[in-house]
Structures are given as structure tokens and as C-alpha cells.
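Single-letter residue listing:
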Amino acid sequence: QVELMESGGGLVQPGGSLRLSCRFLGNMFARYVMGWYRQVPGKQRELVARITDGSGANLADFVKGRFTISRDHAKNSVYLQMNSLKPEDTAVYYCNANNIMTRDLFWGQGTQVTVSS
């Protein structure tokens, strides 16, 4: 069983930065593709960024050049560095773990990010 513990959300002004953290509690962290998704009320959850065990990363077009995803295998953690934040980045951000072998999928509880002046 896997548990994902997110932290780092909050209120920030437009143009500001936040860093989200997700701690992976479980075994075989390296076997999981880790991702960050976001969701606003009334809309589907959308992929923001994901990173493989080899640290190959994919970012959604709407965050390229502003967000960075990284993972630390020593700390079993994944991070989302968000810079140049815009009001439209306001959402609940969810950490996701996808086991590429078993296809098991786990979600964190979500952390609210609000970009507003």
C-alpha cells in the first residue's frame, strides 16, 4: 500500500512562486511514475507534470517555462516548483503515483493553491 503526503500549497500573489512537496510512504518508489495533477470545481482533473524513475519529465504546455518537476530517491519525494504563477493556476493540486508494472494508482489528498492579489 502507498500513501502520498502533500504539502506546500497556499496563497500567493500573481508572479510569485510556490514549491509543492509529495512524500511517498511505501515501498518501491523507483517503480512509480510520479505526477502532479490539478483540478478546479466543475472541471476534470488535468495533468500538470510527471516524472519517471529515471527522472525523464513531461510538462503540460500551459506550465512549460514556469514549472519544474523533480524527484529525490533518497527522500522518496517528488516536488513541483511553480514560478511566475498566474490566477488561472488556482486549483487543488494532487500528487499521483503510478506503478508502471502493476498499474496500481494512488492519489494524495490534495493541496490548495490560490493565486490572487
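Residues numbered from 1 in each chain as written. Predicted model: local features only at pLDDT ≥ 70, side-chain atom pairs only at ≥ 80, totals over all residues. Heavy atoms only, no water.

Draft legend 1. Region of interest: the side chain of Asn99. With respect to the helices, strands and loops of the structure, Asn99 is situated in strand 9 (residues 91–99). The exposure class assigned to Asn99 is buried, which follows from its relative accessible area of 7%. Polar contacts involving the side chain of Asn99 include one to the main-chain amide nitrogen of Met101, which spans 2.8 Å. In this structure Asn99 touches Arg31, Tyr32 and Asp104, once residues within four positions along its chain are discounted. (Helix = DSSP H or I, 4+ residues; strand = E, 2+ residues; numbered from the N terminus. Buried < 20%, exposed > 50% of the residue type's maximum accessible area, 1.4 Å probe, protein only. Polar contact = N/O pair within 3.5 Å; in protein donor to acceptor, adjacent residues only side chain to side chain. Contact = heavy atoms within 4.5 Å.)

Draft legend 2. Region of interest: unusual backbone geometry. Phi at Met28 is positive, roughly 60°, even though this residue is not glycine. As for its placement among the helices and strands, Met28 is situated in the loop between strand 3 (18–25) and strand 4 (32–39). Residues other than glycine seldom take positive phi values, yet Ser84 does so here, at roughly 50°. By relative accessible area, Ser84 is classed as partly exposed at 38%.

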